[in-house]
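Given next are the chains, with one letter for each unit.
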Amino acid sequence: MRELLLRLRLFLQAQYPILNLLSHEESRVLRALATLANSEELGLRCWTVSRGLYELDTAPIIETESTPSSTQAVRQLREALHQMLMYEDPCILALCDIFPYLDDPQVTRLLRDLSQRVCHFQQTIVLLGPQLSIPTELDKQLVVFDVPLPNEEDGARILSFVAQSHQLSLPA
């Protein structure tokens, strides 16, 4: 996790407008982003098709319907991107699994508009998901980062946490 945080911090400080983080481990990456946001005194706002736009560990800012259709999801993503265009506070804007909706010209245009604006407010857009599918219009505005799996140190920390939570002792 430490290596991941160092790399993400470098990308934020370099003010890349869009980071495309490739990972199946959404919760782990969001925890890393939350840790980074906290240490850098940034807000962290997220969007998922199931929750809508929300600040991590808080109620949704824009609620979504329980199971939106593809058309409704695109509309909700557009609304969230419009909302993000209004933000002026330093923050990370994490968009989870938006890749199925990137073929929508309005979504792509809104992301381009947002990417041109974020550097003025110390903001970064993070596209988080397990696949790489970027429209040509966005490929020059982002950096792709394949999030590594947990290393041995991370595994030991996870194992220790699980053992403690279940009151188990580990051999030395």
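Structure's up top.
So, a few notes on the structure that sits alongside this text.

Parameters and conventions
Sequence order as written defines the numbering, with residues in each chain counted from 1. The predicted nature of this model means local features are confined to residues of pLDDT at least 70 and side-chain atom pairs, given and counted, to a pLDDT of 80 or more, with totals for whole chains, interfaces and linings taken over all residues. The side-chain values count all of the structure's non-hydrogen atoms but skip hydrogen atoms and water molecules. The numbering of helices and of strands both runs from the N terminus, where a helix is a DSSP run of H or I of at least 4 residues and a strand a run of E of at least 2. Polar contact is defined as a pair of N or O atoms within 3.5 Å, subject to the rule that within protein one atom must be able to donate a hydrogen and the other to accept it, and that residues adjacent in sequence are counted only when both atoms are side-chain atoms. Relative accessibility decides the category of a residue: with a 1.4 Å probe and only protein chains considered, values under 20% of the type maximum give buried, values over 50% give exposed, and everything between is partly exposed. When DSSP finds two or more bridges between a pair of strands, those strands are recorded as paired. Comment: axis = line fitted to C-alpha atoms, over the contacting stretch for helices; angle = value between 0 and 180 degrees taken between N-to-C directions. Should an angle fall under 35 degrees it is called roughly parallel, over 145 degrees roughly antiparallel, and 65 to 115 degrees roughly perpendicular, with every other angle called oblique. Two helices crossing with the near one rotated counterclockwise from the far one by less than a right angle form a left-handed crossing, whereas a clockwise rotation gives a right-handed crossing. Whether two residues are in contact is decided by their heavy atoms: any pair within 4.5 Å suffices. In this classification, the charged set is Asp, Glu, Lys and Arg, the nonpolar set is Ala, Val, Leu, Ile, Met, Phe, Trp, Tyr, Cys and Pro, and all remaining amino acids, among them Gly, are polar. Each helix should span, by expectation, one fewer than its residue count multiplied by 1.5 Å. The arc in question is traced by the directions running from the helix axis to the C-beta atoms.

## Points about the environment of serine 115
Mapped onto the elements, serine 115 comes out in helix 4 (residues 105–117). Separated by 98 residues in sequence, serine 115 and proline 17 place their C-alpha atoms 5.2 Å apart. Side chain to side chain, serine 115 and glutamine 141 meet in a polar contact 3.4 Å long.

## A word on the pairing of strand 6 (residues 123–129)
Among the seven residues of strand 6, seven are classified as buried, and the element is accordingly described as predominantly covered. Side-chain alternation along strand 6 places Gln123, Ile125, Leu127 and Gly129 on one buried face and Thr124, Val126 and Leu128 on a second face that is also buried. With five bridges connecting them, strand 1 (residues 18–22) and strand 6 associate as parallel partners. When the sheet's bridge partners are listed, leucine 22 is paired in strand 6 with glycine 129.

## Structural notes on the packing of helix 3 (residues 70–86) against helix 4
At a minimum axis separation of 10 Å, helix 3 and helix 4 run at an interaxial angle of 15°. One element, helix 3, and the other, helix 4, form an angle in the roughly parallel class. When you trace helix 3 past helix 4, the crossing you get is left-handed. Each of Val74, Leu77, Arg78, Leu81, His82, Met84 and Leu85 in helix 3 lies in contact with helix 4, whose residues at this interface are Gln106, Val107, Leu110, Leu111, Asp113, Leu114 and Arg117. Grouping the amino acids of the contact of helix 3 with helix 4 by side-chain chemistry returns nine nonpolar, two polar and three charged.

## Some thoughts on unusual backbone geometry
In the Ramachandran plot, aspartate 97 falls in the positive-phi region, its phi being about 55° despite a non-glycine side chain. You can see aspartate 97 is positioned in the loop between strand 5 (91–96) and helix 4.

## Overview of helix 1 (residues 2–13)
Each full turn of the α-helix corresponds to 3.6 residues, which orients residues three or four apart in the same direction. Relative to the 16 Å expected for twelve residues at 1.5 Å per residue, helix 1 spans 16 Å between its end C-alpha atoms, a close match to the ideal helical length. Turning to helix 1, its buried residues are Leu4, Leu5, Leu8, Phe11 and Leu12. Buried residues of helix 1, viewed axially, fall in a sector of 125°; they line one side. Residues of helix 1 that are exposed and angled more than 90 degrees away from the buried face: Arg2, Glu3, Leu10 and Gln13. Lining the buried residues of helix 1 we find strand 1, helix 2 (26–39), strand 5, strand 6 and strand 7 (142–146).

## Overview of the side chain of threonine 124
The residue threonine 124 is located in strand 6 in this model. Once residues lying within four places of it in the same chain are set aside, the contact partners of threonine 124 are Leu12, Tyr16, Pro17, Leu19, Cys91, Ile92, Leu93 and Val118.

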